[in-house]
Amino acid sequence: MDYINVVLPFLFTYTISTSQLDSNFDAQYKLMDQFLTIKNLDTAHLYTCWSQSDRIKAMKKFNEKKIAVTYRNKEDFYGNFNLNDLFTITVYSPLLGIIVDWSCNDDPLFKFSASWLWSASYHWLMMMSEKSNNIQSFLTSKNVNLTISSEILLAYPIIMDGIITNWHIFDIYRTAFEPRGKLMIDVVNKTLGMWGNRLWKFDKRSNLENLTLNVVTIGNPYGTLAKKNGTDIKPSSEELVKYLKTFNLDRLNSVQKFSFAIMDPLTRILLNMTLKIETTNSWGYKVNNKWDGIVGMLMSGEADFSISLNALRSERYDVVDYSAISTWKHLYAIMVIEMLIAILFIENYLFRRPCFIFRHPRSSTASTNIFLRPFETTVWLSIICVVVLSGFVYCTIMHYESNQTFSPRVLSDIVLLKIGTLCQQGTVMEPTKLSNRLIVLLMFVFSLVTYQFYSSSIVSGLLRPTVMNIDSVQKLEESGLDVGVEDFNVITKVIEPKSEYLLAKDGVKKIKKGHYAFFTDPATSYWLINDIFTEKEKCDLSELALHRPETTGYLVQKNSPYRKLINYANCILWETGLMQRELSIWHAEKPKCTAGKTTTEESLVSVEIKDVASLIAFLIIGFIGSFAILVLEIIIHRHKTNTTAIL
């Protein structure tokens, strides 16, 4: 009896304890299963307090759901492991779940090293003990350095009679790495179910509590006067913001101002952060194995991200990241052209979809041969043959009908008659015979038709002049056009330039005068062109791009926690139409040609001196020939007079 009194309580206690363990195992497994499913994780590391049999049972269940789990122990926290090897992520499994049960893995003396991974690629579920209720103290004691993108959930059990009945789940993050920012604790399952109603991480993390971040942009409001005795003049933060909000007539730094017009509401309104703006004069190039400009400031930690669009360059991928890709409209904004151009000798010149803009020059051969161009060579030869034939027939008829002796004077009169007939003019020589009158009449009809074709062809050629087809740099160089380049403070390397560097407004004025190709950003220059060009001059405009447009984005620090947050806010601006509005303000479209649709005084074409230069040359040659013949006649006349006097 005594044996029974001892054994039965023991068996009863053991049964209750086993039942509690099974219930707690089921509660923990359910929590883990829901966590991995909701996070869409197919790979996880587990640091649990389960027995061997419970581990096998859980692994079978996870395998049925195609979730690969690996059981680890707390020695990983203390060992000198390569964390990238320990917590491996791949292209096929870019996210890794890490589940830790601190009830058996905790050590008051343990702290995570600074190299532990708290980025968004690693999703942590920490099952806490019932007693550990001070989250701030726990994070400080374990040296958990969070940021805005961290994925860490703390699950506190609700225990009744030793059995876990539910969980209090907290989503924790910081608005910035310590010591900046503040700790944010969000109760996940406060209202709806165990996992709340969170659609995405950043739908509740967009409020950064007026966090101040350091940002950098390109451009100095003092332009080319920014240097004094070799030292950059740094504007104050107030001056810089005022300049970036200025809409001036010169349209300088339009991309930087557009970028600020987007980033200002994005950070101030959507993300509730304050910006401390710095400037630099380089987009970021590797010079002497050291990055300068924006990239250098991001790498050194002087800036958290840039507020100026930057072209995607493969050489920067290893040191910085890009956010908010492709925001400078369909032109994809800024482009870095890394080439040596024969006419420019420019290397690493940075623009936003730069191109040559020029008024298409008329072909020089078209102006030289304007009076011969209406007819082909065969037509001209045919006209000459008709005139000669009609003159021969006219001479033959005169010879047989009047028995007139031909003299040089008579022949010259016949030639003048035919030329006058061809030009629809009369002559002092009047034909008396019907046959000759018929010849003259036919020649007048022939000349009338020929004249109409000839004059209409010249007029149409002036209204639609033949232009030179300039579709390459080589043809541009061969065209003889003068070349200029828009002057920016972001020119990185210039090697013995043959061209001149001008502000956009000065370059556009030279384009207007003609015979000038200006290498510029059309998004800026087209504003100025719309203001000062006539409709006819707008129709003459042509572009010559040297490189395909490239995609752009905002530069952020490598593995920056703010990259996706900026993407998220940028999408909101695009959906609300603010992006399109700012583009219409800062990005000019190519002027439309309307001169051909309506006839105005501007659309009328004036004949230039080069168009009639060949005719003037023909007249001058004729005058010189006539004068030479006059001199020859005088000499011959005097020679005959002297000979007669001697005889």
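Residues numbered from 1 in each chain as written. Predicted model: local features only at pLDDT ≥ 70, side-chain atom pairs only at ≥ 80, totals over all residues. Heavy atoms only, no water.

Caption draft 1: Region of interest: the nonpolar core. Counting residues in each nonpolar core, the largest one holds 37 residues, and the members touching the most others are Phe305, Ile307 and Tyr562. Those elements giving two or more residues to this core turn out to be β8 (211–218), α7 (237–244), α8 (254–270), β11 (273–280), β14 (305–311), β25 (552–557), α18 (563–576) and α19 (578–586). A per-element tally of this core places α8 first, with seven residues. Taken domain by domain, this core gets at least three of its residues from each of domain 1 (20–189) and domain 2 (212–328 + 552–585). Residues within four places of Phe305 in sequence aside, it is in contact with Leu213, Asn214, Val215, Val216, Met263, Thr267, Met273, Leu275, Leu298, Leu555, Val556 and Ile566. Ranked by size, the runner-up nonpolar core spans 27 residues in total, among them Tyr47, Trp102, Val144 and Tyr156. (Core = buried A, V, L, I, M, F, W, Y, C linked by side-chain atoms within 4.5 Å. Buried < 20%, exposed > 50% of the residue type's maximum accessible area, 1.4 Å probe, protein only. Helix = DSSP H or I, 4+ residues; strand = E, 2+ residues; numbered from the N terminus. Domains from an automatic or database assignment. Contact = heavy atoms within 4.5 Å.)

Caption draft 2: Examining the sheet that holds strand β20 (residues 482–486) more closely. With mixed pairing, five strands are arranged side by side in an open sheet as β22-β20-β23-β19-β24. Because the sheet does not close on itself, it has two edges, and the strands there are β22 (500–502) and β24 (541–545). The sheet shows a mean angle of 30° between the axes of neighbouring strands, direction not considered. Here three bridges tie β20 to β22, and the two strands are oriented parallel to one another. Note on β22: the bridge partner recorded for Val485 is Tyr501. Strands β19 (355–359), β20, β23 (516–520) and β24 of the sheet are contacted by helix α16 (residues 522–532), whose axis makes an angle of about 20° with β19. (Pairing = 2+ DSSP bridges. Axes fitted to C-alpha atoms, helices over the stretch in contact; angles between N-to-C directions.)

Caption draft 3: Main features of the packing of aromatic side chains. Applying the stated criterion to the full structure yields 11 aromatic pairs. Ring geometry for Tyr29 against Phe62: centres 5.0 Å apart, planes inclined by 50°, an arrangement best described as tilted. You can see Tyr29 sitting in helix α1 (residues 2–38) and its partner Phe62 sitting in helix α2 (residues 52–64), a full 33 residues away along the chain. The same class applies to Tyr29 as to Phe62, namely buried. Feature note: the residues Phe25, Tyr29, Trp50, Phe62 and Tyr71 constitute an aromatic cluster, connected by ring pairs. The positively charged end of Arg316 is found above the aromatic ring belonging to Tyr285, 5.6 Å away from the centroid. Directly above the aromatic system of Phe533 lies the positively charged group of Lys512, at a separation of 5.7 Å from the ring centroid. (Phe/Tyr/Trp six-rings, centres within 6.5 Å; stacked < 30°, edge-to-face > 60°. Lys NZ or Arg CZ within 6 Å of the ring centre and 35° of its normal.)

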